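# What the coordinates show
Given next are the chains, with one letter for each unit.
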Amino acid sequence: MTVPRSRADACPGALQTHAAADGRLARVRVPGGLLTAAQLRVLGAAALDLGDGALELTSRGNVQLRGLRDGGEAGLGERLADAGLLPSASHETARNLLASVLTGRSGGVLDVRPWVRGFDAALCGEPALAALPGRFLATFDDGRGDVSALGADVGLVALGAGTVALTLGGRDSGLRCAPAEAVELATAATRAFLDERAAQGGSAWRLAELVDGPALVLARLGGAPVPDPVELPAEPRVRPVGVVRQDDGRTALAAIVPLGRLTAAQVDLLAGLAAEVQLSPWRGVVVPDLPDGSAAAALVDSGLVLDAASPWTRVTACAGLPGCAKSLADVRADATAAVAAGTLPLAGARQHWAGCERRCGRPSGEVVDMVATRTGYLVGAPR
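Attention in this report is confined to the structure presented alongside it. Computed from a predicted structure; not experimentally measured.

### Some thoughts on the sheet that holds strand β15 (residues 284-290)
Taken together, five strands build an open sheet; the order of strands is β3-β14-β15-β12-β11 and the sheet is antiparallel. Strands at the two margins of the open sheet, each flanked by one partner only, are β3 (34-36) and β11 (242-245). Within the sheet, the average angular offset between the axes of one strand and its neighbour, ignoring direction, is 25 degrees. Where β3 meets strand β14 (residues 276-280), three bridges bridge the pair, whose relative direction is antiparallel. Across the sheet, Thr36 pairs through a bridge with Glu276, a residue of β14.

### Details of the environment of Arg135
As for its placement among the helices and strands, Arg135 is situated in the loop between α3 (113-125) and β7 (138-141). The exposure class of Arg135 is partly exposed, given its relative accessible area of 26%. The sequence separation of Arg135 and Ala204 amounts to 69 residues, and the corresponding C-alpha distance is 9.8 Å. When neighbours within four sequence positions are excluded, Arg135 is seen to be in contact with Asp9, Ala10, Cys11, Arg60, Asn96, Asp153, Trp205 and Arg206.

### A short note on the packing of helix α1 (residues 37-50) against helix α2 (residues 72-82)
It is the contact of α1 with α2, at a shortest axis distance of 10 Å, that shows an interaxial angle of 160 degrees. Relative to α2, α1 is oriented roughly antiparallel. Viewed along their axes, α1 and α2 form a crossing whose handedness is right-handed. Contact residues: α1 offers Val42, Leu43, Ala45, Ala46, Asp49 and Leu50, while α2 offers Gly72, Gly75, Leu76, Arg79 and Leu80. By residue class, the composition of the contact of α1 with α2 is seven nonpolar, two polar and two charged.

### Considerations on unusual backbone geometry
As a rule of thumb, non-glycine residues mostly have phi less than zero, and peptide bonds are mostly trans rather than cis. Here the bond from Leu321 into Pro322 is cis, since omega is 0 degrees, no more than 30 degrees from zero. Looking at the element boundaries, Pro322 is found in the loop between β16 (315-317) and α8 (331-341). Unlike most non-glycine residues, Leu259 shows phi in positive territory, near 60 degrees. Looking at the secondary structure, you find Leu259 in the loop between β12 (251-256) and β13 (261-262). Of the residues examined, Leu259 reaches a relative accessible area of 13% and is grouped as buried. Despite not being glycine, Arg359 has its phi angle at roughly 55 degrees, a positive value. One can find Arg359 in the loop between β17 (351-354) and β18 (368-373).

### Some words on the pattern of salt bridges
Tallied over the entire structure, the rule returns 22 salt bridges. Measuring nitrogen to oxygen at the nearest pair gives 3.0 Å for the salt bridge that ties Arg66 to Asp22. Of the two residues, Arg66 sits in strand β5 (residues 63-68) while Asp22 sits in the loop between β1 (18-20) and β2 (23-28), which places them 44 residues apart along the sequence. Accessibility expressed as a relative area gives 30% for Asp22, which makes it partly exposed. Salt-bridge contacts for Asp52 lead to Arg261; the nearest nitrogen and oxygen are separated by 3.0 Å. You can see Asp52 sitting in the loop between α1 and β4 (55-57) and its partner Arg261 sitting in strand β13, a full 209 residues away along the chain. Residue class for Asp52 comes out partly exposed when judged on its relative accessible area of 36%. Residue classification places Arg261 among the partly exposed positions, given a relative accessible area of 30%. Members of the salt-bridge network, linked through shared partners, are Asp22, Asp52, Glu56, Arg66, Arg261 and Arg332.

### A short note on the pairing of β14
The buried fraction of β14 amounts to four of the five residues, a majority that puts the element mostly inside the structure. Examined bridge by bridge, β14 and β15 share three bridges and lie antiparallel to one another. Residue pairing for β15: Ser280 is matched across the bridge by Gly284.

### A look at the packing of aromatic side chains
What the rule picks out here adds up to four aromatic pairs. Judged by centre distance (4.9 Å) and plane angle (65 degrees), the ring pair of Trp353 and Tyr377 falls under edge-to-face. Within this pair, whereas Trp353 is found in strand β17, its partner Tyr377 is found in strand β19 (residues 376-379), the two being separated by 24 residues in sequence. With relative accessibility at 26%, the residue Tyr377 sits in the partly exposed group. Here a set of aromatic residues connected by ring pairs shows up, and it is made of Trp115, Phe119 and Phe140.

What counts, and where the lines are drawn
Residues numbered from 1 in each chain as written. Predicted model: local features only at pLDDT ≥ 70, side-chain atom pairs only at ≥ 80, totals over all residues. Heavy atoms only, no water. Pairing = 2+ DSSP bridges. Helix = DSSP H or I, 4+ residues; strand = E, 2+ residues; numbered from the N terminus. Axes fitted to C-alpha atoms, helices over the stretch in contact; angles between N-to-C directions. Buried < 20%, exposed > 50% of the residue type's maximum accessible area, 1.4 Å probe, protein only. Contact = heavy atoms within 4.5 Å. Parallel < 35°, antiparallel > 145°, perpendicular 65-115°, else oblique. Left-handed = near helix turned anticlockwise from the far one by under 90°. Nonpolar A, V, L, I, M, F, W, Y, C, P; charged D, E, K, R; others polar. Salt bridge = Lys/Arg side-chain N within 4 Å of Asp/Glu carboxyl O. Phe/Tyr/Trp six-rings, centres within 6.5 Å; stacked < 30°, edge-to-face > 60°.

Next up, the structure:
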C-alpha cells in the first residue's frame with residue numbers, strides 16, 4: 001500500500017544539511033562503508049574544526065557531523081571533495097550503498113567491493129539518478145546474509161561463485177545474472193524504480209511505498225515472479241564483533257562504537273592502525289589487514305567494544321537532548337548510565353532508546369522500544 005507523503009524527502013547530506021537544536025547536521029555518504037585512513041582523518045579534522053568534535057556512525061554505514069555553524073557546509077564540501085568523498089555534488093544524498101562487512105577478506109562467496117565501486121560510479125555518472133530519494137538503499141551481499149536482511153530497495157546477493165540474485169524491496173525478484181553483469185542489472189533496477197516512482201506521483205521515499213512496487217519494477221525489467229524465490233534472512237546472520245581471522249591469515253578487529261559516536265581520540269587511533277577501515281551498519285568499525293590482534297587492547301582502552309557479549313551490541317539510541325528539540329530526554333546519557341549500572345530493562349533484548357514517538361534511528365528487525373515520555377520511559381512501547 002502506498003504511504004502518502006505530504007513533503008519531499010529532505011534527507012540531509014554533506015551539502016544539504018539539516019537544522020538541529022545543536023546546530024547544522026551533515027551526513028556524509030560512505031559507499032560500502034569503506035574509508036581510507038586519510039579520509040577518516042579528514043572527517044575527524046572537519047568535526048573538530050567545523051562541528052562538535054565527534055563523528056556519528058549511522059545504520060547505513062555513513063558518517064554524520066553535528067553542531068556545524070550556518071554556512072559551514074561550504075567548507076565541509078571542499079574538504080570532502082579534496083578527499084574523494086564527494087565525487088558528485090548532485091548525487092551525494094543518493095549514495096546509500098551497503099556491502100557485506102569484511103567482504104573479500106573473510107568469508108563470503110565472492111568479493112563484492114567491485115560492485116560497490118561500479119554501482120557508485122554508474123549512479124554518479126547518470127544525471128537522472130540524482131533524483132533518487134535520500135532514503136534509497138542499495139545492498140551488496142556476498143552470500144553471508146548480513147546486509148541482504150536490511151530491506152534494500154535494490155540489492156544483489158551472491159548465490160554462488162557464478163550466480164547473483166537481484167532483490168527488490170528486500171525480497172528475491174527471481175532475476176539472476178553472472179557476477180560481471182550484476183552492476184548493470186542493479187543500475188537498471190534503480191532506473192526502473194525511479195520510472196515507477198514518477199508514474200505513481202513521484203513522492204514515495206522507498207520502493208515498498210509504491211503500489212505493487214517490486215512487481216512493477218520487475219515488469220519494467222522484463223522479468224516475472226518465480227515460484228520458489230530465495231528466502232532472505234529476516235535478521236542479519238552475521239554481525240562481527242571481536243578478533244576475526246582473515247582468509248589470508250591476517251587479522252581484522254571488529255568493534256562496536258557505543259551509540260555510534262566516535263571521539264577525536266578514537267579517530268586518531270583507528271586511522272593510525274591500518275590503511276583502510278570499514279564502517280558497519282551496526283554502528284561499528286572494522287580495522288582489517290593487521291598482522292595480529294595485539295591492537296585490540298588499545299581499542300578497548302579507548303572505549304570501543306570488542307566483546308560480543310557486551311550490552312553495547314544490543315543498545316542503540318536517537319540523538320535526544322540537547323541535539324533534538326523534539327526529544328523529551330537525554331536518551332544517550334540515560335542509556336549509557338543504564339549500561340554502566342547494569343540496569344538495562346529486558347537486558348537480553350535489542351533495544352532502541354528514543355526521545356519521542358518518532359523513534360528516529362530505530363534499527364530494523366526485532367527491537368524493544370524505550371520511548372521517553374514526560375514521566376519516564378515507556379518500555380516496549382507499541383509502534
